[in-house]
Amino acid sequence: MTAATLTYSFLGPQGTFTEAALEKMPGGDSCQRVPTASVLSALTMVDTGEADGAVVPIENSVEGGVTATLDAVSVAHDLHIVAEALVPISFVLVSKEPLALSAIRSVATHSHAWAQVRRWAEATVPTAEYVPASSTAAAAHGLLAEHPIADAAICAPLVAQQLGLHIIATGIEDVSGAVTRFVLTAKPGPIPAMTGADKTTIMIPLPEDRPGALMEILEHFSTRGVNLCRIESRPTGNGLGSYFFSIDLEGHIQEDRVADALAGIHRISPKLRFLGSYPRADKKPQQVLPEVSEAAFSAAKTWIASLQDR
Ligand SMILES: O=C(O)C(=O)C[C@]1(C(=O)O)C=C[C@@H](O)C=C1
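Residues numbered from 1 in each chain as written. Predicted model: local features only at pLDDT ≥ 70, side-chain atom pairs only at ≥ 80, totals over all residues. Heavy atoms only, no water.

**Structural notes on the UniProt feature "domain: Prephenate dehydratase" (unreviewed entry) in the protein chain**
Move 1: The positions UniProt marks with the feature "domain: Prephenate dehydratase" (unreviewed entry) are residues 7-187.
Move 2: Secondary structure across residues 7-187 divides into 28% helix and 32% strand, with the first and last C-alpha atoms of the span separated by 13 Å. (UniProt positions renumbered as here; feature names shortened; annotations may be inferred. Helix = DSSP H or I, 4+ residues; strand = E, 2+ residues; numbered from the N terminus.)

So, in structure tokens, the structure goes:
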């Protein structure tokens, strides 16, 4: 796969935050971009071979996990995460023609965006109806349709500018400095090389009817000094009480402490799925305690081998 021939699907249309993330991904500046109407169709294009990779949102610093992505990547699709990118999030309120706040009866945007401006909306346009859109950019494009989907839309400043929309308010997010994390997913293949500042994503079905199962799982990380940076429980869909954990941890599968922790958890939950090791977008090097360093694991293995070889 050479960078020039890559095709990446992404949650479109043009001007989504996801497209901004795509530009930061490896090969993103030279790839062919295919916008899709949903996260699921972006991922399906990778399944069918129509795209080499799909860029999808996975986590927002205010609203949390993007469940459509977490569920699709963890359960429904056989895909690995090969890269991540962080995009700062700021929203504008736009309309086709200049419009007073008091005249707005409906506002269209993506559900995740709406969740991030809830307090602002409550205070500023309390009677406006929320119209869900498949993305913030789709909401903005929808204002220009023959039958506009709403009076106003909430989107990224860039798409408002590209479409020549009237900006009614800027910086309307409830929490400033919000960031959304996006991932590039591809069919399982070579794992990106270890950089020393890596993340690994896994999915662990929680063993049922096993008291203390979660504690046992977490102990495998704790005893090997593996730091978790995200842990979320999601229903498997197989009935009430059936859950899996979606976890991001600091480290790479090539590291003994990570591999050893996953091997331990595999014994408790054999359907554990490895979903990729990839460089951290913030390049923050992981802190490794001396007792779980590669040297410590190597010395311990040599010692055991010397006993077994007698
Ligand atoms: O609608 C977009 O522009 C997207 O890229 C989707 C999305 C999301 O799913 O969280 C991305 C970033 C923002 O947090 C809001 C919406």
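**Details of the site of the ligand**
Move 1: Contacts to the ligand come from 14 residues, most closely from Phe17, Thr18, Gln116, Thr136 and Thr180.
Move 2: A distance of 2.6 Å separates an oxygen atom of the ligand from a polar atom in the side chain of Thr18.
Move 3: The side chain of Thr180 places a nitrogen or oxygen atom 2.9 Å from an oxygen atom of the ligand.
Move 4: Protein chains shield 100% of the accessible area of the ligand, which is 360 Å² for the free molecule.
Move 5: Listing elements by their share of the shell around the ligand, those giving two or more residues are helix H1 (17-22), strand E3 (53-60), helix H4 (111-116) and strand E11 (179-186). (Near = heavy atom within 4 Å. Polar contact = N/O pair within 3.5 Å; in protein donor to acceptor, adjacent residues only side chain to side chain. Areas by Shrake-Rupley, 256 points an atom, 1.4 Å probe, with all protein chains shown as cover.)

**Points about the packing of helix H9 (residues 256-268) against helix H10 (residues 294-308)**
Move 1: Relative orientation of the contacting elements H9 and H10 amounts to 60 degrees, with a least axis distance of 9 Å. Contact with H9, carried on its side by Asp256, Arg257 and Asp260, involves Glu294, Phe297 and Lys301 of H10 and no other residues of that element.
Move 2: Among the residues forming the contact of H9 with H10, the class breakdown is one nonpolar, no polar and five charged. (Axes fitted to C-alpha atoms, helices over the stretch in contact; angles between N-to-C directions. Contact = heavy atoms within 4.5 Å. Nonpolar A, V, L, I, M, F, W, Y, C, P; charged D, E, K, R; others polar.)

**Here we look at the UniProt feature "domain: ACT" (unreviewed entry) in the protein chain**
Move 1: Here, the residues flagged by UniProt with the feature "domain: ACT" (unreviewed entry) are residues 202-279.
Move 2: Between the C-alpha atoms that bound residues 202-279 there is a distance of 15 Å. The span itself is 31% helix and 35% strand.

**Details of the domain arrangement of the protein chain**
By a widespread convention, an interface's size corresponds to the accessible area lost as its parts come together.
Move 1: One can read the domain layout of the protein chain as domain 1 (1-87 + 181-189), domain 2 (92-170) and domain 3 (191-304).
Move 2: One C-alpha centre belongs to domain 2, the other to domain 3; they are set 41 Å apart. (Domains from an automatic or database assignment.)

**Concerning the pairing of E11**
Move 1: By the criterion of burial, E11 is predominantly enclosed, with seven of the eight residues buried.
Move 2: As defined by bridge partners, strand E5 (residues 80-88) adjoins E11 across eight bridges and the pair is classed as antiparallel. Among the inter-strand pairings, Leu86 is bridged to a residue of E11, identified as Arg181. (Buried < 20%, exposed > 50% of the residue type's maximum accessible area, 1.4 Å probe, protein only. Pairing = 2+ DSSP bridges.)

**Observations regarding helix H8 (residues 213-223)**
Move 1: Those residues of H8 that fall on the buried side of the exposure criterion are Ala213, Ile217, His220 and Phe221. One side of H8 carries all its buried residues, which in axial view fall inside an arc of 95 degrees. Counted as exposed and oriented over 90 degrees from the buried face of H8: Met215, Ser222 and Thr223.
Move 2: Structurally, H8 contributes buried residues whose contacts are with strand E12 (198-205), strand E13 (228-235), strand E14 (243-250) and H9.
Move 3: In the segment just after H8, Gly225 is the residue with positive phi, at about 60 degrees. (Arc of directions from axis to C-beta.)

**Some words on the packing of aromatic side chains**
Move 1: Per the stated rule, a full pass over the model turns up two aromatic pairs.
Move 2: Relative to Tyr130, the ring of Trp114 lies with its centre 4.7 Å away and its plane at 10 degrees, an arrangement referred to as stacked. Residue Trp114 is located in helix H4, and its partner Tyr130 is located in strand E8 (residues 129-132); the two are separated by 16 residues in the primary sequence. (Phe/Tyr/Trp six-rings, centres within 6.5 Å; stacked < 30°, edge-to-face > 60°.)

**What about the sheet that holds strand E15 (residues 273-279)?**
Move 1: Across the sheet, four strands lie side by side as E13-E14-E12-E15; this open sheet has antiparallel pairing. Only two strands of the sheet have a single partner each, and these edge strands are E13 and E15. Across the sheet, the axes of successive neighbouring strands diverge by a mean angle of 15 degrees, strand direction being ignored.
Move 2: Set on the sheet, H9 makes contact with E12, E14 and E15; between it and E14 the angle comes to about 165 degrees.

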